[in-house]
Amino acid sequence: LHEIIRKFAEDGLITILDDRIVMDVKQRIRAAVMAIRMGGDPERVCSLLRWGEFEDLSALAFEMAGFSVRRHLRFRWAGRWWEIDILGFKRPIIVSVDCKQWRKGWSRSAIIRAVDSQIERTRALAEALPSIIDKFRMDLRGRFTIIPIILSLIRGEFKFYRAVPIVPILQLPDFLREMIAHIGSMAHFDGEIDKK
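Bear in mind the structure is a predicted one, so any value in this text is a computation, not a measurement.

Enquirer: Looking at this structure, I do not really get helix α4 (residues 51–64). What am I missing?
Expert: Three- or four-residue spacings in an α-helix give side chains the same orientation, since the helix completes a turn every 3.6 residues. End to end, α4 covers 20 Å across 14 residues, agreeing with the expected 20 Å (1.5 Å per residue, within 8%). Against the buried residues of α4 lie α2 (25–37), β3 (68–77), β4 (80–90), β5 (93–100), β6 (142–152) and α6 (172–182). Just beyond α4, the residue with positive phi is glycine 66, at close to 90°.

Enquirer: Looking at this structure, how should I read the environment of glycine 12?
Expert: Topologically, glycine 12 is positioned in the loop between α1 (2–10) and β1 (15–17). Sequence separation between glycine 12 and methionine 23 is 11 residues; the distance between their C-alpha atoms is 9.3 Å. Once you skip the residues sitting within four places of it in the chain, glycine 12 turns out to touch Gln27 and Arg30.

Enquirer: What should I look at first to understand the side chain of arginine 121 in this one?
Expert: Note on placement: arginine 121 falls in helix α5 (residues 108–132). Other than its neighbours up to four places away in sequence, arginine 121 contacts Phe75, Trp82, Glu83, Ile84, Asp98 and Ala114.

Enquirer: In this structure, what is going on with the side chain of glutamate 55? I would like to understand it.
Expert: Here glutamate 55 lies in helix α4. A polar side-chain atom of glutamate 55 sits 3.4 Å from a polar atom in the side chain of arginine 71. Reaching out from glutamate 55, the side chain makes a polar contact with the side chain of histidine 72 at a distance of 2.8 Å. Contact partners of glutamate 55, with chain neighbours within four places excluded, come to Arg71, His72, Asp85, Ile86 and Cys99.

Enquirer: What am I meant to see in the nonpolar core here?
Expert: Generally speaking, a soluble globular protein has its nonpolar side chains buried in company with each other. With 29 residues, the main nonpolar core has Leu153, Leu172 and Met179 as its most contacted residues. Not counting the four nearest positions on each side in its chain, leucine 172 is found in contact with Ser58, Ala61, Phe62, Ile149, Leu151 and Val167. Of all hydrophobic cores here, the second largest spans 27 residues; its members include Phe75, Leu87, Ile119 and Ile150.

Enquirer: Help me out: how do you make sense of the pattern of salt bridges in this one?
Expert: This model, assessed by the stated rule, comprises 10 salt bridges. The salt bridge partner of arginine 6 is glutamate 10, with a shortest N-O separation of 2.2 Å. Separated by 4 residues within a single helix, arginine 6 and glutamate 10 lie in helix α1, roughly one turn from each other. The exposed category is assigned to glutamate 10, whose relative accessible area is 54%. The partner of lysine 100 in a salt bridge is aspartate 98, and the shortest N-O contact between them spans 3.5 Å. For aspartate 98, a relative accessible area of 6% puts it in the buried group. Linked through salt bridges whose partners overlap, the residues forming this network are Glu3, Arg6 and Glu10.

Enquirer: Sorry, what's going on with the packing of α2 against α4 here?
Expert: Geometrically, a packed helix pair is captured by the angle between its two axes and the distance between the axes. Direction vectors running N to C along α2 and α4 enclose 110°, while the axes themselves pass 9 Å from each other. It follows from the interaxial angle that α2 and α4 lie roughly perpendicular. Here α2 contributes Val25, Lys26, Arg28 and Ile29 to the contact with α4, which in turn contributes Glu53, Phe54, Asp56 and Leu57.

Conventions adopted
- Here the residue numbers are simple positions, counted from 1 along each chain's written sequence.
- Totals for whole chains, interfaces and linings use every residue, but because this is a predicted model, local features are given only for residues with pLDDT of at least 70 and side-chain atom pairs only at 80 or more, for both listing and counting.
- Note: side-chain values were computed over all heavy atoms of the structure, leaving out hydrogens and water.
- In DSSP terms, a helix is any run of H or I states spanning at least four residues, a strand is any run of E spanning at least two, and both are numbered starting from the N terminus.
- Here, expected helix span is obtained from the residue count minus one, scaled by 1.5 Å.
- Whether two residues are in contact is decided by their heavy atoms, any of which lying within 4.5 Å being enough.
- The definition of a polar contact used here is a pair of N or O atoms within 3.5 Å, where within protein one atom must be able to donate a hydrogen and the other to accept one, and adjacent residues in sequence count solely through side-chain atom pairs.
- Side-chain atoms within 4.5 Å are what join buried Ala, Val, Leu, Ile, Met, Phe, Trp, Tyr and Cys residues into a set we call a nonpolar core.
- When accessible area is computed with a 1.4 Å probe and restricted to protein chains, residues below 20% of their type maximum are described as buried, those above 50% as exposed, and intermediate ones as partly exposed.
- When a carboxyl oxygen of Asp or Glu lies within 4 Å of a side-chain nitrogen of Lys or Arg, that pair is called a salt bridge.
- Where helices are involved, their axes are fitted lines through C-alpha atoms of the stretch in contact, as for all axes, and angles between N-to-C directions lie from 0 to 180°.
- Roughly parallel refers to an angle under 35 degrees, roughly antiparallel to one over 145, roughly perpendicular to one between 65 and 115, and oblique to any angle outside these ranges.

Right, dumping it as structure tokens:
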């Protein structure tokens, strides 16, 4: 047991503080991904994670990449309410994120529905943005490009569907570093907000 604990600490999966073993959010996510890769049941593993941990790690990855972050953005447009889990902004790019934890229902049809819904939400945001600018507390004036993505705990059947990236959480930092070079091949919505 001591050997396993030492190995986990060396691999960064746990931290040993005095006589206690602790895990931060990133370590819990890494341990969950590792358990699934080793054959653990995805639904059981995910049930041990709190939903907020998944979103916390996602927001942290955006902030570490230099993005301003807004979580749980709710806005009204075209007669209905919309919500986006995470919005990352780094001039002139806005990333509209739908967080999806792995569950048994994460089938091909579930992925397709999630992507279709995320495209619809992101399109509504692009259209609404000039009139709801005050909700953001971010300087979004000028030209912008909004990119919809699906963020998942682990890799699904697709890397892209309808040109929307489906990004595993542990690959998010790499995706954000390389995203600007690939915007032309991804679904996106362009717009401009008056600079006045």
